[in-house]
Amino acid sequence: MGKVLGNTQAVKQAHLDYLETFIDSVQSPESFVPIELVNIMAYITGETGKEIGIYINRRNRVEAIVIGDDRSVSLPFMDNRRGTNRLSGIRFLHTHPGGSSLPSDVDLNSLKTLRLDGMIVIGVVNYNDKPHVTGVSVTMLERDEEERLSNTKLYGPYSMKELDKFDELFEIVEETDVITYTIGEVTQEEQERAILVGVSTREDEAYLDELAELARTAGALVVGRFVQKRASIDARYYIGKGLAEELAFHRQSLNADLVIFDDELSYAQIRNLEEITGVKIIDRTALILDIFAKRATSLEGKLQVELAQLQYRLPRLTGMGQILSRLGGGIGTRGPGETKLETDRRAINRKINYLQRRLKEIASKREVLRKERIKNEVPVISLVGYTNAGKSSLMNCLCEAGVFVEDKLFATLDSTVRKMITEDNSTYLLVDTVGFIKKLPTHLVEAFKSTLEEATQADLLLHVVDATSPDLDERIEVVESILKDIGAANKPKYLVVNKMDIVSDGGVVKPGRVFAKTFYVSARTGEGLDELKKGIFDFFTRFFEEFDILVPYKEAWVLPFLHEKGVVKDEQYTEDGIKVTGTLPNQYMHKIREFERGNV
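What counts, and at which threshold
Residues numbered from 1 in each chain as written. Predicted model: local features only at pLDDT ≥ 70, side-chain atom pairs only at ≥ 80, totals over all residues. Heavy atoms only, no water. Helix = DSSP H or I, 4+ residues; strand = E, 2+ residues; numbered from the N terminus. Buried < 20%, exposed > 50% of the residue type's maximum accessible area, 1.4 Å probe, protein only. Contact = heavy atoms within 4.5 Å. Areas by Shrake-Rupley, 256 points an atom, 1.4 Å probe, with all protein chains shown as cover. Axes fitted to C-alpha atoms, helices over the stretch in contact; angles between N-to-C directions. Parallel < 35°, antiparallel > 145°, perpendicular 65-115°, else oblique. Left-handed = near helix turned anticlockwise from the far one by under 90°. Salt bridge = Lys/Arg side-chain N within 4 Å of Asp/Glu carboxyl O. Pairing = 2+ DSSP bridges. pLDDT = per-residue confidence, 0-100. Phe/Tyr/Trp six-rings, centres within 6.5 Å; stacked < 30°, edge-to-face > 60°. Lys NZ or Arg CZ within 6 Å of the ring centre and 35° of its normal.

**Some points on the overall build of the protein**
1) Next: Counting its secondary structure elements, the protein contains 18 helices and 20 strands.
2) Next: Taking all 600 residues of the protein together, 52% fall into the buried category.
3) Next: Within the protein, contacts between residues at least 6 apart in sequence are counted, and of these 68% link residues at least 24 apart.
4) Next: For the protein, the exposed area adds up to about 28,900 Å²; of that, 48% sits on carbon and sulfur atoms.

**A word on the packing of helix 6 (residues 241–253) against helix 7 (residues 267–277)**
For any two helices packed against each other, the geometry comes down to the angle between their axes and how far apart the axes lie.
1) Next: As a packed pair, helix 6 and helix 7 sit with axes 8 Å apart at the nearest point and diverge in direction by 45°. One way to sum up the angle between helix 6 and helix 7 is to call them oblique. As helix 6 runs across helix 7, the sense of the crossing is right-handed. Taking contact as the criterion, the partners of Lys241, Ala244, Glu245, Leu247, Ala248 and Arg251 in helix 6 are, on helix 7, Leu273, Ile276 and Thr277.

**Describing the pattern of salt bridges**
1) Next: All told, the structure shown has 23 salt bridges when counted by the stated rule.
2) Next: One salt bridge connects Arg284 with Asp262, and the closest N-O pair in it is separated by 2.6 Å. Taken together, the residues Arg284 in helix 8 (residues 284–295) and Asp262 in the loop between strand 10 (258–261) and helix 7 connect sequence positions 22 residues apart. Both residues of the pair, Arg284 and Asp262, belong to the buried class.
3) Next: Ionic pairing is found between Asp471 and Arg475, a salt bridge with its closest N-O pair at 3.1 Å.
4) Next: For Asp471, a relative accessible area of 22% gives the class partly exposed.
5) Next: According to the relative accessible area criterion, Arg475 is partly exposed, its value standing at 21%.
6) Next: The structure contains a network of salt bridges with shared partners spanning Glu210, Asp262, Asp263, Arg284, Lys439, Asp471 and Arg475.

**Remarks on the pairing of strand 4 (residues 90–96)**
Within a regular strand, the side chains alternate between the two sheet faces.
1) Next: In terms of residue burial, strand 4 counts as a mostly covered element, since 7 of its 7 residues are buried.
2) Next: Judged by which residues are buried, strand 4 turns out to be covered on both faces: Ile90, Phe92, His94 and His96 on one side and Arg91, Leu93 and Thr95 on the other are all buried.
3) Next: Judged from the 5 bridges that link them, strand 2 (residues 52–57) and strand 4 form a sheet pairing that is antiparallel. The residue bridging Asn57 from the neighbouring strand is Ile90, located in strand 4.

**Digging into the sheet that holds strand 10**
1) Next: Ordered by their spatial adjacency, 4 strands build an open sheet running 9-8-10-11, and the pairing between neighbours is parallel. Unpaired on one side and paired on the other, strand 9 (221–229) and strand 11 (280–283) mark the two borders of the sheet. Across this sheet, the average inter-strand angle for adjacent strands is 20°, counted without regard to direction.
2) Next: Examined bridge by bridge, strand 8 (residues 193–200) and strand 10 share 4 bridges and lie parallel to one another. The residue of strand 10 that forms the bridge with Leu196 is Ile260.
3) Next: Along the sheet, helix 7 makes contact with strand 10 and strand 11, crossing strand 11 at roughly 145°.
4) Next: Sitting on the sheet, helix 8 touches strand 10 and strand 11, and the angle it makes with strand 11 is about 85°.

**Points about the sheet that holds strand 20 (residues 578–585)**
1) Next: Read across the sheet, 3 strands follow the order 18-20-19 without closing on themselves; strand pairing throughout is antiparallel. Bordering the open sheet on either side are strand 18 (544–551) and strand 19 (567–573), each of which pairs with just one other strand. Ignoring which end each strand starts from, the neighbouring axes of this sheet average 15° apart.
2) Next: The pairing of strand 18 with strand 20 spans 8 bridges and is antiparallel. What sits directly across from Glu545, in strand 20, is Leu584.
3) Next: Lying over the sheet, helix 17 (residues 558–565) contacts strand 18, strand 19 and strand 20, oriented at roughly 35° with respect to strand 20.

**Side note on the confidence of the model for the protein**
1) Next: With 83% of its residues at a pLDDT of 70 or more, the protein has an overall mean of 80.
2) Next: This model gives residues 318–328 a pLDDT under 50, and the stretch forms 12 contacts once residues within four places in sequence are excluded.

**Quick look at the packing of aromatic side chains**
1) Next: With the rule as written, the count across this model stands at 9 aromatic pairs.
2) Next: With centroids separated by 5.3 Å and ring planes inclined at 90°, the aromatic side chains of Tyr238 and Phe261 adopt a geometry described as edge-to-face. Here Tyr238, found in the loop between strand 9 and helix 6, pairs with Phe261, found in strand 10; they are 23 residues apart in sequence, far enough to count as distant.
3) Next: Look at Tyr238 and you get buried, because its relative accessible area is 1%.
4) Next: On the basis of relative accessible area, Phe261 is assigned to the buried category, the value being 0%.
5) Next: Through pairs of rings, three or more aromatic residues link up here, namely Tyr428, Tyr494, Phe519, Phe539 and Phe540.
6) Next: Against the face of Phe32 rests Arg91, its NZ or CZ located 4.6 Å from the ring centre.
7) Next: The side chain of Lys165 reaches across the aromatic face of Tyr158, ending 5.0 Å from its centre.

**Some details on the pairing of strand 6 (residues 130–143)**
1) Next: The sheet contact formed by strand 5 (residues 118–127) and strand 6 spans 9 bridges and is antiparallel. Bridge assignment links Val121 to a residue of strand 6, and that residue is Ser137.
2) Next: Turn length for the strand 5-strand 6 hairpin, with the two strands adjacent in sequence and antiparallel, is 2 residues, and the turn residue Asn128 shows positive phi of about 55°.
3) Next: Where strand 6 lies against strand 7 (residues 149–158), 7 bridges are found, and the strand directions are antiparallel. Considered in strand 7, the bridge of Glu142 is made with Asn151.
4) Next: Remark: 5 residues form the turn of the hairpin made by strand 6 and strand 7, two consecutive strands paired antiparallel; Glu147 in that turn has positive phi of roughly 65°.

**A closer look at unusual backbone geometry**
1) Next: The amide bond that connects Gly156 to the next residue, Pro157, takes the cis arrangement and shows omega of 5°.
2) Next: Topologically, Pro157 is positioned in strand 7.
3) Next: In this model, Ala10 sits at a positive phi of 65°, which is unusual for a non-glycine residue.
4) Next: Take Ala10: it is sitting in the loop between strand 1 (5–6) and helix 1 (13–20).
5) Next: What makes Ala10 exposed here is its relative accessible area of 83%.
6) Next: For Lys499, which is not a glycine, the phi torsion comes out positive at approximately 70°.

See the structure below:
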């Protein structure tokens, strides 16, 4: 026998015991609204003043009983029932202690999102200290012109003596529930419906915009937001028990199956919140890890994600078994490391050590490539910046690289290196790195350390920002802080303000931080790219010296050297040899002088 769910505090144990005797029982199979259940519910509501709800299936078997509010409890028998264009096969009977027998907006929302066979409302008031049923109504779903379950129709309210009028609704349920093969014969995986929750010290409507974008990137549909203004985080519930209970109230009416928090949660907070809301809880870190798990394509990227996942989940292993057993996949549970979480700590630590060794091996191979680039003395430029600032689009414009571009966060995860050749025949290597973001998990920074080191090894950093960002300065500081953490803060860098094509006149927010140079560009239209290329050329030619030499024809081997190491501006063929002018890096000028002395 099951337990009564919901807010059972302050309810007499005798009342709870009495209600529990009805769970799993079958009541008046021929009645759409069983009168014995209506009487029981009216009696308990009259005694407690609380809303009583009962879920019954089409055989009139009682699936669950709730007290207080059905939207604050987990209803596992309602999860994934039948197709999205079918009725669930469940009716919900509940009382309105204020006496209203008409459905509320929340009732209608629940009817649609849960696809109930019927939402049955029983108005109850106390009259002469006895409960009295003011009326009973049934609201049902109807199909619209496209055969979708989006319309509703009200039947009643009727008195207790007229409850048999509802019995004809069985036939209407069957007619409504006929499978329509013209719709969605091949159904795509439904999006998880997510509620976002955050804590802020100030009133800010856009506070959760970035979390919403992260959720969209992960494949979730955001159906609600909750922001609590408070000075500190609640140790047990993050947001405080009051808002947690309110969140649970709205969760089921919104048909949300996921709640995402904007900060990292402890295992105890996750457990407490799941107990109250009855759905999966993940934090910002788990969400970002999930996105990385989807985006990783290279071997190194997959190993880095798996390492970060395990490092994040290791301290949360205690008691995670029960939570993981009911997650059933979805956002926050993807990735190559998920199957390892059911092992013990020792096994996971062994796995972490193994992954770290593999990544060191890959990093050593990358170091060989770096040394080769240094040996060849090809200037290296690294694109860094906030995620979705347009770094990959900029690389495509500068290098014609064909790098994957998408208007989502973390579209680029693996570092990409491409060659850029300018009109003056100068060659540079451009490195596109993973985007940064505020509250970037420390596990990711550590796991992707070898990849992020591309920025520390570059000769010049191009810090790319999105011109349309209202929080431009905050994003700049986030990136600069991470560059400092990885040892790249003092690298020469230029600021590149991208996406100027979608900024209205005078709409650019001037950055507060001062950079050596700032370029305003559009990777989409090409605006400002010539100035940026010139700026790059000027940066590297600061260390160049001009030369003007005569190369005898017998010494023509010098020409390939000059073209490879410097910039040849002019060549004139004379009787005595080739007159060459151009510029050359300082470190090679001694060879030119030696050549000139040898040919005097």
